[in-house]
Number of protein chains: 4
Amino acid sequence: MSPRRRDEAGTAAARAHRRAQLLRTAAEVFAARGYSTTTVRQVADASGMLAGSLYYHFDSKESMVDEILSTFLTELWEDYDTILDQGKGARETLESLVTASFGAIDRHRPAVVIYQNESKHLAENDRFTYLVDSQKRFRQMWVGLLERGIEEGDFRADLDPPVIYRFIRDTVWVAAGWYRPDGRLTSEQVARQYLAMVLEGVQRR
Amino acid sequence: MSPRRRDEAGTAAARAHRRAQLLRTAAEVFAARGYSTTTVRQVADASGMLAGSLYYHFDSKESMVDEILSTFLTELWEDYDTILDQGKGARETLESLVTASFGAIDRHRPAVVIYQNESKHLAENDRFTYLVDSQKRFRQMWVGLLERGIEEGDFRADLDPPVIYRFIRDTVWVAAGWYRPDGRLTSEQVARQYLAMVLEGVQRR
Amino acid sequence: MSPRRRDEAGTAAARAHRRAQLLRTAAEVFAARGYSTTTVRQVADASGMLAGSLYYHFDSKESMVDEILSTFLTELWEDYDTILDQGKGARETLESLVTASFGAIDRHRPAVVIYQNESKHLAENDRFTYLVDSQKRFRQMWVGLLERGIEEGDFRADLDPPVIYRFIRDTVWVAAGWYRPDGRLTSEQVARQYLAMVLEGVQRR
Amino acid sequence: MSPRRRDEAGTAAARAHRRAQLLRTAAEVFAARGYSTTTVRQVADASGMLAGSLYYHFDSKESMVDEILSTFLTELWEDYDTILDQGKGARETLESLVTASFGAIDRHRPAVVIYQNESKHLAENDRFTYLVDSQKRFRQMWVGLLERGIEEGDFRADLDPPVIYRFIRDTVWVAAGWYRPDGRLTSEQVARQYLAMVLEGVQRR
DNA sequence: TATGAATGAGATTTCATTCAT
DNA sequence: CATGAATGAAATCTCATTCAT
């Protein structure tokens, strides 16, 4: 149960553990100062080592974001796929997806911030084609869900799914910019406020 | 009516005109590639001149963003203040503010993108304290409006104004990231979709 | 006794040693070509490294002159204070101060040249207020000494201390411009010629 | 008697007049801020015109110093040659040369300051070989004079002429750095203090 | 594993100079 | 004569990265 069990010392597992630890720090710094604005030295400072030393663990600054983002997206899609596989109705699926998203913000806030701010620029790089792929899957998932909901009578018919998809996508992720895990509201409460607004509107009936 | 009238040549007006032209270009490049990632050389290329030549017109790269953002915010608050001074009800005021915001996105898209992506970092610089001031006014305006709407019975009482304010704020501005003036929908149509969602919800009644 | 003892390797002492070495080189180049005319690249070339590498050791070109000048002035005033504390007569004190000054030229020639040529301009910078302070102390020391010597009957009464102070000050330091440690005369011999001229005059009695 | 007489307008004389006027301004700025540190724009500002406009009058920044220094040196050597041609004794010649030098400082202070600070660096440039020539003539003049004075019994025999020459040379010119035409002392008074010190020494007999 | 020192490419900025008007 | 705009070379400085120890 200790963070570093005896049998890990000097092993591949110990190494992976150290990487993960460094990546958590790096993600926080990248999120706080922006990926391209952050210097490797700043990451190293926050990790209590010198800039050059990071290169023992990582090939490059780029490989750090790469690992941060791909890890995050892998986990996220695992959550999403679990939900999608449950075959619920459109409204209920939407609720689950939104709640899962706010959960992801809760657990991977720095990664989400980086994803939100930098993925557009990174996506131009061959190494990050998976960001484009993920965007496409997002779009298919949400537009498909909205269309299904309209067909099935769950959602209003006068909505433009591509536009609404973008609003939902952005609003969810952008919350990573201000959400604080130790703040006034839990991620579930934020999700509920968000759903209240998106599903029923702010207007009193 | 020609873009450069005779009486402007060599005058302060001509100079201001050239500056504005260069700033439009700069804003587009900054918006597309990110302020800190954009090199002065890239701005110069896009302006058809050499990097050094830009310094005839501007003190620094920083003073370019400064002028872009302050011009934008000045105009935006003129619009907002006009609306706020009309003394309409909460719901109607919200509609007008949202519509004005999408209008601003329509007319100043690059500036909005820069504002959205860079203001957090720039605000740490003394030169950009007006960004912090503007944020505060935003917050007061929106939270105040939501609270008034709840009191007056326009908006639902179970909403948390500070949270909803953030959703509204972010979602509006983040639209600058995907909205295209020459796209399928006009800014008014986007505003209407947005209002439909925010006011009445996506759920069919 | 070797220039780099084993116990220094990788230590703060080793680092200070390297800095001192680089500063000696920098001082020579600054002295030879003028501070503002010298490029960082020229200093780097003379140090056998690339321009950028110097920034591992120093914050800026300015911090290099800063360290050169402040180190020199600190040492110089230690020497002066030792002499002033001995409570000798005016004439003897003058002799000691002049000899100490030529000794300083001998040991810190490049620093003296820089001090002579650049301090006027550098002093406008907040970082170099100590140059102004030092000038003031110089003036007080020399004018005070001359006045005391006149009172005590060591020096001629028809002298104008503020003017003579300037002549002495300038003549001493300006010698750094032509004095060569490996030249025909030692610094003591130069000091003696100087004192012969200043104390007794060039005229035969 | 007006600064610009009618018959000069548009003529070569008028042009020369304007050049001289601009050069006076340039010399002051160069003297105050250092030649290489001064920008052409600063000279232009002080002259009430734009940087580019100066190039109507002068080929380059370099040609400005060139004209300032060569004009000064030409005049100076005319004065010196007049004195040397009078065939006076060594002591009297020394007095006249020193007085003439302080007169030159009085009338051409900025040029002297520039000469003092920049000639070493400029002399490396082919265009300024006359600076080297002038230095040589200086040396010959002063060392010759001192040697003659020793031979003829005017000056002390224990002096080292090359060293004393340098002290005299430097001290005279360096006074340009602090002498103010409108200060407490006239240039003649300063010259007299200087001669009192150099000829008879500061020590009371 | 980590350090300290250096590399080298590239960024922002400055500035003497040119030239059409 | 002077302006306004631009050029282009070079300067200071930053920073990801490498590598011997």
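Definitions and limits used
- Residues numbered from 1 in each chain as written.
- Chains lettered and ligands numbered in written order.
- Predicted model: local features only at pLDDT ≥ 70, side-chain atom pairs only at ≥ 80, totals over all residues.
- Heavy atoms only, no water.
- Least-squares fit on C-alpha atoms with pLDDT ≥ 70 in both.
- Contact = heavy atoms within 4.5 Å.
- Domains from an automatic or database assignment.
- Buried area = accessible area lost by both parts, 1.4 Å probe.
- Salt bridge = Lys/Arg side-chain N within 4 Å of Asp/Glu carboxyl O.
- Helix = DSSP H or I, 4+ residues; strand = E, 2+ residues; numbered from the N terminus.
- Near = heavy atom within 4 Å.
- Polar contact = N/O pair within 3.5 Å; in protein donor to acceptor, adjacent residues only side chain to side chain.
- Nonpolar A, V, L, I, M, F, W, Y, C, P; charged D, E, K, R; others polar.
- Phe/Tyr/Trp six-rings, centres within 6.5 Å; stacked < 30°, edge-to-face > 60°.
- Buried < 20%, exposed > 50% of the residue type's maximum accessible area, 1.4 Å probe, protein only.
- Lys NZ or Arg CZ within 6 Å of the ring centre and 35° of its normal.
- UniProt positions renumbered as here; feature names shortened; annotations may be inferred.
- Axes fitted to C-alpha atoms, helices over the stretch in contact; angles between N-to-C directions.
- Parallel < 35°, antiparallel > 145°, perpendicular 65-115°, else oblique.
- Left-handed = near helix turned anticlockwise from the far one by under 90°.

- The name that an unreviewed UniProt entry assigns to chain A is TetR family transcriptional regulator, with the source organism given as Nocardiopsis coralli.

**What about the relation of the copies chain B and chain A?**
Next, step 1: The operation relating chain B to chain A is a screw motion whose rotation component is 180 degrees, with 0.1 Å of axial translation and a residual RMSD of 0.1 Å. When the rotation and shift are considered jointly, the pair of chain copies conforms to a two-fold rotation axis. Of the C-alpha atoms belonging to chain B, the one lying closest to the rotation axis is found on Gly201 of chain B, 1.9 Å away.
Next, step 2: The residues that chain B uses at the interface reappear at the interface of chain A in 100% of cases, marking a shared surface.

**Some words on the domain arrangement of chain A**
All names here are of chain A.
Next, step 1: Annotation of chain A at the domain level lists domain 1 (1–58) and domain 2 (60–200).
Next, step 2: Here the C-alpha centroids of domain 1 and domain 2 sit 27 Å apart.
Next, step 3: Taken residue by residue, the interface counts 16 residues in domain 1 and 13 residues in domain 2.
Next, step 4: Across the interface of domain 1 and domain 2, roughly 1,300 Å² is buried in total on both sides, 72% from carbon and sulfur atoms.
Next, step 5: Two residues, Glu67 and Arg19, come together in a salt bridge whose shortest N-O distance is 2.4 Å.
Next, step 6: The set of elements that each furnish at least two residues to the side of domain 1 that touches domain 2 consists of α1 (12–33), α2 (40–47) and α3 (51–57).

**A look at the protein's contact with DNA strand E**
Next, step 1: Neighbouring DNA strand E are 29 residues; Ser53 and His57 of chain A, Tyr55 of chain B, His57 of chain C together with Val40 of chain D lie closest to it.
Next, step 2: Each atom of DNA strand E within 4 Å of the protein belongs either to a base or to sugar and phosphate, the latter forming 72%.
Next, step 3: Residue Ser53 of chain A places a side-chain N or O atom 2.8 Å away from a phosphate oxygen belonging to DNA strand E.
Next, step 4: Of all elements in the fold, only α3 of chain A, α1 (12–33) and α3 (54–57) of chain C together with α3 (51–57) of chain D reach the threshold of two or more residues within the surface near DNA strand E.
Next, step 5: If one sorts the elements of the surface near DNA strand E by residue count, α3 of chain A sits on top with 4 residues.
Next, step 6: In the surface near DNA strand E, the residues fall into 10 nonpolar, 14 polar and 5 charged.

**Section: the protein's contact with DNA strand F**
Next, step 1: Not every one of the 29 residues close to DNA strand F is listed here, only the nearest: Val40 of chain A, Tyr56 and His57 of chain B, Tyr55 of chain C together with Ser53 of chain D.
Next, step 2: Each atom of DNA strand F within 4 Å of the protein belongs either to a base or to sugar and phosphate, the latter forming 73%.
Next, step 3: Between a phosphate oxygen of DNA strand F and a main-chain N or O atom of Val40 of chain A, the distance comes to 2.6 Å.
Next, step 4: Between Ser53 of chain B and DNA strand F, the recorded distance is 2.7 Å, taken from a side-chain N or O atom to a phosphate oxygen.
Next, step 5: At the level of secondary structure, the elements contributing two or more residues to the surface near DNA strand F comprise α3 of chain A, α1 (12–33) and α3 (54–57) of chain B together with α3 of chain D.
Next, step 6: Of the residues assigned to the surface near DNA strand F, the class counts are 10 nonpolar, 14 polar and 5 charged.

**Some words on the packing of aromatic side chains**
Next, step 1: Tallying each qualifying case throughout the model produces 52 aromatic pairs over all chains.
Next, step 2: Ring geometry for Phe30 of chain A against Tyr35 of chain A: centres 5.1 Å apart, planes inclined by 80 degrees, an arrangement best described as edge-to-face. Per residue, the accessibility class of Phe30 of chain A equals that of Tyr35 of chain A, and both read buried.
Next, step 3: Between Tyr115 of chain D and Trp173 of chain D, the aromatic rings sit 6.4 Å apart at their centres with planes inclined by 80 degrees, giving edge-to-face as the arrangement. In this pair, Tyr115 of chain D sits in helix α5 (residues 90–122) while Trp173 of chain D sits in helix α7 (residues 161–174), placing the two residues 58 residues apart along the sequence.
Next, step 4: Among the aromatic residues, those joined into a ring-pair cluster are Phe72, Trp77, Tyr80, Tyr115, Phe138 and Trp173 of chain A.
Next, step 5: For Lys61 of chain C, the ring lying beneath its charged end belongs to Tyr35 of chain C, and the centroid distance is 4.6 Å.
Next, step 6: Positioned above the aromatic ring of Trp77 of chain D is the side chain of Arg137 of chain D, whose terminal nitrogen or guanidinium carbon lies 4.0 Å from the ring centre.

**Notes on the arrangement of the chains**
Next, step 1: Spatially, chain A and chain C are disjoint, and the shortest separation between their C-alpha atoms is 12 Å.
Next, step 2: For the non-touching pair chain A and chain D, the nearest C-alpha separation works out to 33 Å.

**Re the UniProt feature "DNA-binding region" (unreviewed entry) in chain A**
Next, step 1: UniProt tags residues 39–58 of chain A as "DNA-binding region" (unreviewed entry).
Next, step 2: Annotation note: span residues 39–58 of chain A, helix share 75%, strand share 0%, distance between end C-alpha atoms 15 Å.

**Let's talk about the packing of helix α4 (residues 61–84) of chain C against helix α6 (residues 129–151) of chain C**
Residue and element names in this part refer to chain C.
Next, step 1: Between α4 and α6, the shortest axis-to-axis distance is 11 Å and the interhelical angle comes to 25 degrees. With respect to their mutual orientation, α4 and α6 come out roughly parallel. Pair α4 / α6 crosses with left-handed handedness. Residues Asp66, Leu69, Ser70, Leu73, Leu76, Trp77, Tyr80, Asp81 and Leu84 of α4 touch α6, and the partners they reach there are Tyr130, Leu131, Ser134, Arg137, Phe138 and Met141.

**Some thoughts on the interface of chain D and chain C**
Next, step 1: Every contact between the two is made by 44 residues of chain D and, on the other side, 44 residues of chain C.
Next, step 2: Summed over both partners, the interface of chain D with chain C buries about 4,200 Å², with 58% contributed by carbon and sulfur atoms.
Next, step 3: For chain D, the biggest contributors to the area lost against chain C are Arg156, Phe167 and Val202 of chain D; these three give 18% of the whole.
Next, step 4: Between chain D and chain C we count 4 salt bridges in total.
Next, step 5: The partner of Glu200 of chain C in a salt bridge is Arg156 of chain D, and the shortest N-O contact between them spans 3.9 Å.
Next, step 6: Here chain D is connected to chain C by 15 residue pairs in polar contact (both at pLDDT 80 or more).
Next, step 7: Of all the elements in the fold, those that place two or more residues in the side of chain D that touches chain C are α1 (12–33), α5, α7 and α8 (187–200) of chain D.
Next, step 8: Here the element with the most residues in the side of chain D that touches chain C is α7 of chain D; it accounts for 9 residues.
Next, step 9: Across the side of chain D that touches chain C, the residue classes break down as 20 nonpolar, 10 polar and 14 charged.

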